[in-house]
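In case you want the letters, here they are:
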Amino acid sequence: MSKVHVGMVQMTCTANKQENLQKAIEKVREAAAKGAQIVCLQELFTSLYFCDVEDYANFELAEPIPGPSTDALQQVAAELNVVIIASLFEKRAQGLYHNTTAVIDADGSYLGKYRKMHIPDDPAYYEKFYFTPGDLGYKVWKTKYATFGVLICWDQWYPEAARITSLMGAEILFYPTAIGWATSQDAATNEEQYNAWQTIQRSHAVANGVHVVSVNRCGLEQDGAMQFWGGSFISNPFGSLLYKASHTEEEVHVQELDLSKTDRYRTHWPFMRDRRIDSYQPITKRFIDEG
């Protein structure tokens, strides 16, 4: 299909896992009613963002994938004839956990999962305590409506991840995300950080000639210390914004994407043609400080 309608759900979350899942399902229904064929939910949408602290009790939030949440979403996907992209806290085995996104096709079938490759460890984002880095590699899914790749939050800062996923045939890059500002932070720093976050992802769209859909949460969490900044957006293959959500409000937005534009942009600015793959071996080094 050359044209596809993509829905994104930007929402607040609570400490009640089942309430969050039901809220997400309601918003998937809202997106489908607006014509969405693919719906992307934000990172770890079944809970508050728990990685602000290192607390063993939070491992109780994890579940197997496939599991209860994917079971519920598969029923919804089949009923509504929509593809669902669902970011979940995966319990792979005892003592082994991942930040994982499941992909469900429009007939309700579970297509597989992507495990977050790049894991941050910063103040209020202590993800290395919880998540083992992904070991499935980068993934692309051929769904009823489009072929796309999914990367997760911290992955969005890495052009290598976007490039590899695009080279695997992705027509759209989806980024489920949970990122925000400390409420003690000044407005100028907030703006600079958001602009950097948006710019790096729009650059992935330009470099790879694909659409980018980035879906972030919003709302105050961590007892008011963190404002998740929303600002979910969609970029065309030339980095132009097709839509940008507010920083504070919940939103369900549906956007038509013309995937045939990838060929036009890649033909007129042929970055793929001119890649010097014979010269890129040094990128596999941590730092190029020796011969």
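Here, every reference points to the structure presented above.
Right, let's walk through the structure included here. (Residues numbered from 1 in each chain as written. Predicted model: local features only at pLDDT ≥ 70, side-chain atom pairs only at ≥ 80, totals over all residues. Heavy atoms only, no water.)

## Comments concerning the packing of helix H1 (residues 17–33) against helix H2 (residues 68–80)
A packed helix pair is summarised by two numbers, namely the angle formed by the two axes and the spacing between the axes.
(1) Moving on: In the contact formed by H1 and H2, the axes pass within 11 Å of each other and the chain directions differ by 15°. Comparing the axis directions of H1 and H2 gives the class roughly parallel. The interaxial crossing formed by H1 with H2 has right-handed handedness. Here H1 contributes Leu21, Ile25, Val28, Arg29 and Ala32 to the contact with H2, which in turn contributes Ser69, Ala72, Leu73, Val76, Glu79 and Leu80.
(2) Moving on: Class assignment of the residues belonging to the contact of H1 with H2 gives a composition of eight nonpolar, one polar and two charged. (Axes fitted to C-alpha atoms, helices over the stretch in contact; angles between N-to-C directions. Helix = DSSP H or I, 4+ residues; strand = E, 2+ residues; numbered from the N terminus. Parallel < 35°, antiparallel > 145°, perpendicular 65-115°, else oblique. Left-handed = near helix turned anticlockwise from the far one by under 90°. Contact = heavy atoms within 4.5 Å. Nonpolar A, V, L, I, M, F, W, Y, C, P; charged D, E, K, R; others polar.)

## Quick word on the environment of leucine 173
(1) Moving on: Tracing the backbone shows leucine 173 in strand E8 (residues 172–177).
(2) Moving on: For the pair leucine 173 and alanine 162, spaced eleven residues apart in sequence, the C-alpha to C-alpha distance is 7.5 Å.

## Comments concerning the nonpolar core
(1) Moving on: With 34 residues, the main nonpolar core has Val4, Ile38, Phe148, Ile172, Phe174, Val213 and Leu257 as its most contacted residues.
(2) Moving on: At the level of elements, strand E1 (3–10), strand E2 (38–41), strand E3 (83–93), strand E7 (147–150), helix H3 (159–167), E8 and strand E10 (211–216) are the ones that each hand at least two residues to this core.
(3) Moving on: No other element matches the four residues that E8 contributes to this core.
(4) Moving on: Leave out the neighbours within four places in its chain, and leucine 257 touches Ser2, Lys3, Val4, Val6, Ile172, His211, Val213, Ile234 and Leu242. (Core = buried A, V, L, I, M, F, W, Y, C linked by side-chain atoms within 4.5 Å. Buried < 20%, exposed > 50% of the residue type's maximum accessible area, 1.4 Å probe, protein only.)

## Let's talk about unusual backbone geometry
(1) Moving on: Residue proline 66 is bonded to the preceding isoleucine 65 through a cis peptide linkage, with omega at 0°.
(2) Moving on: Relative to the elements of secondary structure, proline 66 occurs in the loop between E2 and H2.
(3) Moving on: One non-glycine residue, asparagine 81, lies in positive phi territory at about 60°.
(4) Moving on: In this fold, asparagine 81 is placed in the loop between H2 and E3.

## Remarks on the side chain of asparagine 190
(1) Moving on: Here asparagine 190 lies in helix H4 (residues 187–208).
(2) Moving on: For asparagine 190, a relative accessible area of 13% gives the class buried.
(3) Moving on: Here the side chain of asparagine 190 touches glutamine 185 through a polar contact of 2.7 Å, side chain to side chain.
(4) Moving on: Dropping the residues within four chain positions of it, asparagine 190 is found in contact with Trp181 and Gln185. (Polar contact = N/O pair within 3.5 Å; in protein donor to acceptor, adjacent residues only side chain to side chain.)

## Some remarks on the pairing of strand E4 (residues 96–104)
(1) Moving on: Burial of E4 is extensive: eight of the nine residues sit out of reach of the surface.
(2) Moving on: Two strands pair when backbone bridges link them, and E3 and E4 are joined in this way by nine bridges, in the antiparallel orientation. Looking at E4, one finds that phenylalanine 89 is bridged to asparagine 99.
(3) Moving on: What sits between E3 and E4 in their antiparallel hairpin is a turn of two residues, with glycine 95 showing a positive phi close to 80°. (Pairing = 2+ DSSP bridges.)

## So, the side chain of threonine 147
(1) Moving on: Secondary-structure assignment places threonine 147 in strand E7.
(2) Moving on: Those residues in contact with threonine 147, other than ones at most four positions away along the chain, are Val140, Trp141, Lys142, Gly169, Ala170, Glu171 and Ile172.

## Points about the packing of H3 against H4
(1) Moving on: The geometry of H3 relative to H4 is characterised by a closest axis approach of 10 Å and an angle of 40° between their N-to-C directions. With respect to H4, the axis of H3 lies oblique. Handedness of the crossing formed by H3 with H4: right-handed. Two secondary-structure elements touch here, H3 through Pro159, Ala162, Arg163 and Ser166 and H4 through His204, Ala207 and Asn208.
(2) Moving on: The class makeup of the residues in the contact of H3 with H4 is three nonpolar, three polar and one charged.

Shape descriptors only; they carry no functional weight alone.
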